[in-house]
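# Architecture and fold: a report
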Amino acid sequence: MREYNFKASDSTGEMLMGLGFAFSFMGVAGIILTLRLILFPKIKYSSYVDNIYLEKFLIVVPALIITAYIMKLIKKYAIKNYHIYEDKEILKIENDKKIIELAYRAIKDIKIGKKGNKISKCYKLVIKTNSKDLKFFVRPKRNYFGGADDNDFDNLENFYLFLKEKISK
């Protein structure tokens, strides 16, 4: 019985992180600007915007700091620990919340994509089945959207080679 453990995000987690960053930054910047206009209404907006450094300091910098904290919270929900093992002729994929049982004969195709290096390194494993596609995205911890170490990349690649061998039989 072979076992594979790695930290990865799925399609939902990727969407959550991608949209979460944009919405949290714009939302926080909008809230800061609105609070400034409510708390200090006597300061004219046109005189405020003329000073670009003041604008960056009072809106952009706090928005980036708060967004970084929000993204750490989002990353906890988006990146999951996967534990994959075989039970006779069934592949069991466990993450923090659910278990997926998958027969090898239900797998139509499997692909792995490797992009970037060092901080922008990303492996994408796609398992195509009869009903839906399972996607795993692995990025290093140094990446803002990642949480994996080098061992996770090796485990994902070994899992891919194992599955490729299994479905080719």
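Now for a description of the structure that goes with this document. Here the structure is a predicted model, which means the values were calculated and not measured.

### Examining the overall build of the protein chain
Check the secondary structure of the protein chain and you find 4 helices and 7 strands. Reading the helices (α) and strands (β) of the protein chain from amino to carboxyl end gives β-α-α-α-β-β-β-β-β-β-α. Computed over C-alpha atoms, the radius of gyration of the protein chain comes to 22 Å, more than 25% over the 15 Å expected from 2.2 N^0.38 for 169 residues, which places it beyond the range of a compact globule. Its C-alpha atoms put the protein chain at 75 × 30 × 20 Å along the principal axes. Looking at the 169 residues of the protein chain, the share that counts as buried comes to 36%. Counting only carbon and sulfur atoms, one obtains 59% of the accessible surface of the protein chain, whose full area is about 10,900 Å². Each charge sign in the protein chain was given a centre, from 31 positive and 19 negative side chains, and these centres are 6 Å apart.

### Brief notes about the pattern of salt bridges
Evaluation of the coordinates by the stated rule reveals 6 salt bridges. Where Glu 14 meets Arg 139, a salt bridge forms, and the shortest distance between an N and an O atom there is 2.7 Å. Pair noted here: Glu 14 is in helix H1 (residues 11-39) and Arg 139 is in the loop between strand S7 (133-138) and helix H4 (150-168), with a separation of 125 residues, a long-range link. Here Glu 14 matches Arg 139 in class, with each residue buried. Ionic contacts of the salt-bridge type, sharing partners, join the residues Asp 87, Lys 92 and Glu 101 into one network.

### Observations regarding empty space enclosed by the protein
This structure, assessed with the given rule, holds 1 cavity of 30 Å³ or more. In this structure, the largest cavity spans a volume of roughly 50 Å³. Of the residues forming the lining of the largest cavity, the biggest block, 3 residues, is contributed by strand S1 (residues 3-9). A class-by-class count of the residues in the lining of the largest cavity yields 6 nonpolar, 3 polar and 3 charged.

### A closer look at H4
Given 3.6 residues to a turn, an α-helix orients residues that are three or four positions apart in the same direction. Between its terminal C-alpha atoms H4 stretches 27 Å, which fits the 27 Å expected from 19 residues at 1.5 Å a residue. All of the buried residues in H4 are Asp 152, Phe 153, Asn 155, Leu 156, Phe 159, Tyr 160, Phe 162 and Leu 163. Buried positions along H4 lie against S1, strand S2 (79-87), strand S3 (90-94), strand S5 (107-115), strand S6 (122-129) and S7.

What counts and how
- Residue positions are counted from 1 within each chain, in the order its sequence is given.
- Only residues with pLDDT of at least 70 get local features here, since the model is predicted, and only at 80 or more are side-chain atom pairs given and counted; chain-wide, interface and lining totals rely on the full set of residues.
- For side-chain calculations, the full set of non-hydrogen atoms in the structure is used, while hydrogens and water are omitted.
- Strands are runs of DSSP state E lasting at least 2 residues, helices are runs of H or I lasting at least 4, and numbering of each runs from the N terminus.
- We take the radius of gyration over the C-alpha atoms and set the globule estimate at 2.2 Å times the residue count to the 0.38 power.
- The buried label applies to any residue whose accessible area, calculated with a 1.4 Å probe on protein chains only, is under 20% of its type's maximum; exposed applies above 50%, and partly exposed to all values in between.
- The Shrake-Rupley method, run with a 1.4 Å probe sphere, supplies the accessible areas, and residue values consider only the shown protein chains as cover.
- Charged residues are defined here as Lys and Arg on the positive side and Asp and Glu on the negative side; His and the ends of the chain fall outside this count.
- By convention, charge coordinates are those of NZ in Lys, CZ in Arg, CG in Asp, or CD in Glu.
- Here, a salt bridge means any side-chain nitrogen of Lys or Arg that lies within 4 Å of a carboxyl oxygen of Asp or Glu.
- The distinction between a cavity and a pocket rests on a 1 Å grid over the protein atoms alone: a 1.4 Å probe fits inside a cavity but cannot get out, while a pocket stays open yet meets protein on both sides within 12 Å along at least five of seven lines, and a residue with an atom within 4 Å of a point counts as lining.
- Grid points are joined across faces, edges and corners, and a volume is the space filled by probe spheres set on the points.
- Here the nonpolar group is Ala, Val, Leu, Ile, Met, Phe, Trp, Tyr, Cys and Pro; Asp, Glu, Lys and Arg are the charged ones; every other residue, Gly included, is treated as polar.
- The span you would expect from a helix comes to 1.5 Å times its residue count less one.
- Note on definitions: a residue-residue contact is assigned when non-hydrogen atoms from the two residues lie within 4.5 Å.

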